[in-house]
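For reference, the chains in residue letters:
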Amino acid sequence: MIGALNRIHVKIPGWVPHFGGREFGIHLPMLPNIPTLAQGGIVPARTGGTLALVGEAGESEAVIPLSRLERMLGSGGGMRRLAAAVEALAERPVQIDVDSQTIARAVLLGQRKLARR
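Conventions adopted
Residues numbered from 1 in each chain as written. Predicted model: local features only at pLDDT ≥ 70, side-chain atom pairs only at ≥ 80, totals over all residues. Heavy atoms only, no water. Helix = DSSP H or I, 4+ residues; strand = E, 2+ residues; numbered from the N terminus. Buried < 20%, exposed > 50% of the residue type's maximum accessible area, 1.4 Å probe, protein only. Areas by Shrake-Rupley, 256 points an atom, 1.4 Å probe, with all protein chains shown as cover. Expected span 1.5 Å × (residues − 1). Arc of directions from axis to C-beta. Contact = heavy atoms within 4.5 Å. Patch = residues over 30% accessible without salt bridge, like charges linked within 9 Å, V, L, I, M, F, W, Y side chains within 5 Å. Salt bridge = Lys/Arg side-chain N within 4 Å of Asp/Glu carboxyl O. 1 Å grid on protein atoms, 1.4 Å probe; cavity = no way out; pocket = protein on both sides within 12 Å on 5 of 7 lines; lining within 4 Å. Points joined across faces, edges and corners; volume = space filled by probe spheres on them. Nonpolar A, V, L, I, M, F, W, Y, C, P; charged D, E, K, R; others polar. pLDDT = per-residue confidence, 0-100.

This part covers the overall build of the protein chain. The helix and strand tally for the protein chain stands at four helices and two strands. Its helices and strands in sequence order give the protein chain the pattern α-β-β-α-α-α, from N to C terminus. Within the span of the protein chain, comprising 117 residues, buried residues form 9% of the whole. Of the accessible surface of the protein chain, which amounts to about 9,800 Å², a share of 57% is contributed by carbon and sulfur atoms.

Compared with an ideal rise of 1.5 Å per residue, which puts 17 residues at 24 Å, helix H4 (residues 100-116) spans 25 Å between its outermost C-alpha atoms and is within 8% of the ideal. Residues of H4 that are buried include every one of Ile-103, Ala-106 and Val-107, and no others. Taken down its axis, H4 places every buried residue within 100° of arc, on the same side. In H4, those exposed residues whose orientation departs by more than 90 degrees from the buried face are Gln-101, Ala-115 and Arg-116. Buried residues along H4 sit in contact with helix H1 (2-6).

Taken together, Met-1, Leu-5, Ile-8, Val-10, Phe-24 and Leu-28 make up a surface patch of nonpolar side chains, about 520 Å² in accessible area. Summarising the element assignment, Leu-28 is placed in the loop between strand E2 (23-25) and helix H2 (66-73).

The next point concerns unusual backbone geometry. Residues other than glycine seldom take positive phi values, yet His-18 does so here, at roughly 70°. Checked against the element boundaries, His-18 lands in the loop between strand E1 (9-11) and E2.

Here the largest pocket defines a volume of roughly 1,100 Å³. Around the largest pocket sit 41 residues that line it, and Pro-32, Asn-33, Ile-34, Leu-51 and Ala-52 are the ones nearest its centre. When the residues that make up the lining of the largest pocket are grouped by side-chain class, the tally is 22 nonpolar, 13 polar and six charged. By volume, the second largest pocket amounts to about 750 Å³. Those elements that place two or more of their residues in the lining of the second largest pocket are H2 and helix H3 (77-91). The class makeup of the residues in the lining of the second largest pocket is 20 nonpolar, five polar and two charged.

Looking at the protein chain as a whole, the pLDDT averages 78, with 88% of positions reaching at least 70. Of all helices and strands in the protein chain, the one with the weakest mean pLDDT is H3 (72), whereas E1 scores best (88).

Structural data, given as C-alpha cells:
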C-alpha cells in the first residue's frame, strides 16, 4: 500500500499562477516485512533487532534465544529431534499478510520513536 501511495506524483502546469511548474508527491518510508510467528520460525540475529508479530493466533508463544533452548528443554534424543525440526523451519518459506491498519500502526510507532531520538 505504501508503495502505491509513493507512486502518486503531481506536476502542476506552468500556466497556473503561483504554483505553476512545481511538482510534488508522497514519499513515505517503506516498512520492513513483519513476520508472524504463530506457526514457528527462526529469526536471524541482526544489529538493531527484528520486528515480529507474536501471539497473533490466540495462543501463547515462547520467544527464546536458540543458545538457551537446550538448557530449557534438557539434553537427550528429544533435543536432537527438536534441533532437526528447527533446522527444517529455517528453510521454510514465510508468507506475510499485513493489513493497512497494521501498517498505519507501525508507521505511527516508528515516527514516534524517531521523534524521541
